Amino acid sequence: MNKITQNQKGSQAGWMIATIVLGVLVVGVGGLAGYIYIQYKDNKTFLDEKVSKAVLESNKEQADKLEKDFAEREKLPTRTFAGPEDFGRLTFSYPKTWSVYVEDDGSDRSDYEAYMHPITIPTIDDKTPYALRIKILNEDYDKVISSYDELVKKET
């Protein structure tokens, strides 16, 4: 009937072996890919937990540090006054028991005015005495200095 030659048998066996090897290889690579994916998901889950735990610890440490710094600042008997940057930097320390009232912050190109007094600030009036009155004029320096020339001449 059909007679298969020796060369034809070998070629069928070679294709069959190659197909079986390729099939085993594909199944092996697929299994390895599945295993690696499962490991990736587990590590990602644990990594997310570790990162969130580290962030919480870091935030707690920062909050503790800020709380400690705040407690140290509260022990000081003075506070620091900082004037507006636009008019030049004016800073100094004043007693913590004093109140500060900024009447005009100079934001609309006007003068800067602030008043300081122990406990509460009295009514704002030119004749009322204050512990400290700060007025930064939005004028040329030469113009302001020249307004004091006559007062200086009278004193000398």
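The preceding data block contains the structure.
Here goes a summary of the coordinates provided. (Residues numbered from 1 in each chain as written. Predicted model: local features only at pLDDT ≥ 70, side-chain atom pairs only at ≥ 80, totals over all residues. Heavy atoms only, no water.)

1. Here we look at the packing of aromatic side chains
Item 1. As enumerated under the stated definition, the model contains 2 aromatic pairs in all.
Item 2. Aromatic pair Y115 and Y130: ring centres 4.9 Å apart, planes at 45°, arrangement tilted. One end of the pair, Y115, is in strand β4 (residues 112–118); the other, Y130, is in the loop between β4 and β5 (132–136), with 15 residues separating them in the sequence. Each member of the pair, Y115 as well as Y130, is classed as buried. (Phe/Tyr/Trp six-rings, centres within 6.5 Å; stacked < 30°, edge-to-face > 60°. Helix = DSSP H or I, 4+ residues; strand = E, 2+ residues; numbered from the N terminus. Buried < 20%, exposed > 50% of the residue type's maximum accessible area, 1.4 Å probe, protein only.)

2. As for the sheet that holds β4
Item 1. Spatially, β3-β4-β5 is the arrangement adopted by the 3 strands of the open sheet, whose pairing is antiparallel. Edge positions in the sheet fall to β3 (98–105) and β5, since each has one partner strand and no second. Direction aside, neighbouring strands of the sheet carry axes that sit 10° apart on average.
Item 2. Direction of pairing for β4 relative to β5: antiparallel, over a ladder of 5 bridges. When the bridges of β5 are listed, A114 appears paired with I134. (Pairing = 2+ DSSP bridges. Axes fitted to C-alpha atoms, helices over the stretch in contact; angles between N-to-C directions.)

3. Points about the environment of P77
Item 1. In this fold, P77 is placed in the loop between α1 (6–75) and β1 (78–82).
Item 2. The exposure class assigned to P77 is exposed, which follows from its relative accessible area of 61%.
Item 3. Once residues within four sequence positions are removed from consideration, P77 is found in contact with Y94, P95 and K96. (Contact = heavy atoms within 4.5 Å.)

4. Quick look at the nonpolar core
One recurring pattern in soluble globular proteins: nonpolar side chains tend to sit buried together.
Item 1. If you look at the biggest cluster of nonpolar residues, it comprises 7 residues: F81, Y94, Y112, A114, M116, I134 and I136.
Item 2. Secondary structure elements with two or more residues in this core: β4 and β5.
Item 3. Ranked by residue count, the leading element in this core is β4, at 3 residues.
Item 4. Among all residues touching M116, those that are not within four sequence positions of it are F81, F92, Y94, W98, S99, V100, I121, Y130, A131, L132 and I134. (Core = buried A, V, L, I, M, F, W, Y, C linked by side-chain atoms within 4.5 Å.)

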